[in-house]
Amino acid sequence: MKSKIAIGVIALLFAIMALILFLTSYRSAFEADQACHYEKWVRYAESPEYGCDHDLETKQWILFENGISNNPAKVIKRFRY
C-alpha cells in the first residue's frame with residue numbers, strides 16, 4: 001500500500017514539474033528571441049554591456065552581461081522554448 005502511495009506522489013510531482021515547464025516556456029525560438037531583446041531594450045536601454053545570444057543545444061535565448069577584464073559573462077535571464 002505504501003509503495004502505491006509513493007508511486008502516486010512521485011507521478012504527481014513529475015506532472016506538476018512538466019506543467020510548470022510547459023507554462024513558463026515560449027512556444028518558439030522567435031518568441032524567446034523577441035522576449036530577450038525586448039527585456040534588454042526596456043531594462044538596459046540597448047547598453048553595449050548587455051546582450052542576447054541563442055543557444056541551439058539547450059534551446060534557449062540568454063540575456064547576459066559581458067564579463068569585465070576577461071571574466072566570464074554573467075547570465076541575467078534564460079528564455080526557454
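Residues numbered from 1 in each chain as written. Predicted model: local features only at pLDDT ≥ 70, side-chain atom pairs only at ≥ 80, totals over all residues. Heavy atoms only, no water.

Asker: Please provide a residue-by-residue account of the state of the cysteines, values included.
Answerer: For the structure shown, the criterion picks out one disulfide. The side chain of C36 participates in a disulfide bridge whose partner is C52; the two sulfur atoms lie 2.1 Å from each other. Handedness of the C36-C52 disulfide follows from its S-S torsion of about -105°: it is left-handed. In this pair, C36 sits in helix α2 (residues 29-44) while C52 sits in strand β1 (residues 50-55), placing the two residues 16 residues apart along the sequence. Judged by its relative accessible area of 0%, C36 falls in the buried class. (Disulfide = S-S within 2.5 Å. Helix = DSSP H or I, 4+ residues; strand = E, 2+ residues; numbered from the N terminus. Buried < 20%, exposed > 50% of the residue type's maximum accessible area, 1.4 Å probe, protein only.)

Asker: Can you lay out the nonpolar core for me, pointing to particular residues and giving the numbers?
Answerer: Of all hydrophobic cores here, the largest spans seven residues; its members are A32, A35, C36, C52, W61, L63 and F79. Of all elements in the fold, only α2 and β2 (60-65) reach the threshold of two or more residues within this core. Ranked by the residues each element gives to this core, the list is headed by α2, at three residues. Aside from chain neighbours lying at most four places away, what touches L63 is C36, E39, K40, Y44, G51, C52, K74, V75, I76, K77 and F79. (Core = buried A, V, L, I, M, F, W, Y, C linked by side-chain atoms within 4.5 Å. Contact = heavy atoms within 4.5 Å.)

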